[in-house]
Every structure is written in structure tokens, then in C-alpha cells.
Amino acid sequence: MEQRVSLITLGVADAGRARAFYERLGWKGMSPDDDVVFFQAGGMIVALWARHKLAEDSAVTDGGGWGGVTLAHNVASPEAVDAVLAEAEAAGATIGRRGAPTFWGGYTGIFIDPDGHPWEVAHNPGWTLAEDGSVRLR
């Protein structure tokens, strides 16, 4: 297996509501059937699909709690972290943690989408952030 991720699907309570939230963040999606929504996210795809359908398709039991995954969006500066957090809050996200310096020398904050998916917004000065948004370990 190649070391890469192609698609992340987020289980949501209401795909229309979730799509509207991400579109308020400026994302542009498409849906082939009004059931699942796909967003191009750099070199990968983020999808929104009904949580119960995703659980069934993934052969897991949905306990309803946090699934042990936090998504991340890296940006070029601490100021950009604060700007993205403000944008997410204006779009309807809950701020889990305001932007702040980290013990490892970066600057991060957390927003939580309407379905409870946490997103870390991070500036990591030890990684290379390309113009297209892709991240490379140094």
C-alpha cells in the first residue's frame, strides 16, 4: 500500500446542513445524488455522508462519540490561524481552543464543525507549506 490518503469521509447528521457550513467556509462541493457531497481538498477529497450510512458501510458500530480523529488545516502564519478560526466561527463552528503558541514552537487553535468534527488550524514553522496548500515534512 502506498503511503497516502485519498479520501476522508465525515459522518454527518444532515448532509445539507453540513454542506452549507463548509460552503460558508468558501469550499465548493459537488453531489452526484444529493446523498453524499464531495469537496476537492488539495490532492485529496473530503466527503460528507450520513453518519449512520457511513457506519454501516464501514462495518463499525457507531457509539455516537468522538471517533479519535482530528483533521488539520495548516496555514502560513499565526495570524492566518486566527483568521481561519474567525472565519469558521462566523460560519457556525464552535471554537474549541483559540489560537495560541504550542510547546513545540508552532501556533494552533481548534474549531469544531456542526457535527462535532474537530479541525486543528495550525502554523508549523518546522514544515514546508507550498503555495497549493500541500504540506511537506522537512
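Placed above this text is the structure.
What comes next concerns the included structure. (Residues numbered from 1 in each chain as written. Predicted model: local features only at pLDDT ≥ 70, side-chain atom pairs only at ≥ 80, totals over all residues. Heavy atoms only, no water.)

Section: the packing of aromatic side chains
Put simply, the rule reads: Centres within 6.5 Å make a pair out of two Phe, Tyr or Trp rings, where for Trp the six-membered ring is used; the pair is then stacked when the planes are under 30 degrees apart, edge-to-face when over 60, and tilted otherwise. Numbering of helices and strands runs from the N terminus; a helix is a DSSP stretch of H or I covering at least four residues, while a strand is a stretch of E covering at least two. Each residue's exposure class comes from its accessible area (1.4 Å probe, protein chains only) as a fraction of the maximum for that residue type: buried when under 20%, exposed when over 50%, partly exposed otherwise.
One pass over the structure, following the stated rule, counts eight aromatic pairs. Centroid distance Tyr22 to Trp119: 6.2 Å. Interplanar angle 55°. Geometry classified as tilted. Of this pair, Tyr22 sits in helix 1 (residues 15–24) while Trp119 sits in strand 8 (residues 118–123), and the two are 97 residues apart along the sequence. Looking at Tyr22, the relative accessible area reads 2%, which means it is buried. Take Trp119: its relative accessible area is 6%, and that puts it in the buried class. Ring geometry for Trp27 and Trp119: centres 5.8 Å apart, planes at 85°, overall edge-to-face. Of this pair, Trp27 sits in the loop between helix 1 and strand 2 (29–30) while Trp119 sits in strand 8; the two residues are 92 residues apart in sequence, bridging distant segments of the chain. Residue Trp27 is classed as partly exposed on the basis of its relative accessible area of 23%.

Observations regarding the layout of surface pockets
Rule in force here: Here a cavity is any set of points on a 1 Å grid over the protein atoms alone where a 1.4 Å probe fits but cannot get out, and a pocket is any open set with protein on both sides within 12 Å along at least 5 of 7 lines; a residue lines the site when it has an atom within 4 Å of a point. Grid points are joined across faces, edges and corners, and a volume is the space filled by probe spheres set on the points. Asp, Glu, Lys and Arg are counted as charged, while Ala, Val, Leu, Ile, Met, Phe, Trp, Tyr, Cys and Pro are counted as nonpolar; the rest, among them Gly, fall into the polar class.
Considered as a void within the structure, the largest pocket measures approximately 1200 Å³ in volume. Listed by contribution, the elements that provide at least two residues to the lining of the largest pocket are strand 3 (37–41), strand 4 (44–50), strand 5 (71–74), strand 9 (127–129) and strand 10 (135–137). Each pocket or cavity is described by its volume, and for the second largest pocket that value is around 500 Å³. For the second largest pocket, the lining is made up of 22 residues, of which Gly11, Arg51, Leu54, Gly67 and His117 are closest to its centre. Of all the secondary-structure elements, those providing two or more residues to the lining of the second largest pocket are strand 1 (7–12) and helix 2 (51–57). Class assignment of the residues belonging to the lining of the second largest pocket gives a composition of nine nonpolar, 10 polar and three charged.

Concerning the pattern of salt bridges
Note the cut-off: Basic side-chain nitrogens of Lys or Arg form a salt bridge, by our definition, when they fall within 4 Å of a carboxyl oxygen of Asp or Glu.
Applying the stated criterion to the full structure yields six salt bridges. A salt bridge links Arg17 to Asp115, with the nearest nitrogen and oxygen atoms 2.8 Å apart. Of this pair, Arg17 sits in helix 1 while Asp115 sits in the loop between strand 7 (107–112) and strand 8, and the two are 98 residues apart along the sequence. The exposure class of Asp115 is buried, given its relative accessible area of 18%. With its nearest N and O atoms 3.1 Å apart, the salt bridge here joins Glu89 to Arg98.

Observations concerning the nonpolar core
Applied cut-off: The nonpolar core is taken to be a set of buried Ala, Val, Leu, Ile, Met, Phe, Trp, Tyr and Cys residues, with the residues joined through side-chain atoms within 4.5 Å.
Counting residues in hydrophobic clusters, the biggest one holds 24 residues, and the most contacted among them are Phe21, Tyr22, Leu25, Leu48, Phe111 and Val121. Counting only elements with at least two residues in this core, the list comes to strand 1, helix 1, strand 3, strand 4, helix 3 (78–91), strand 7 and strand 8.

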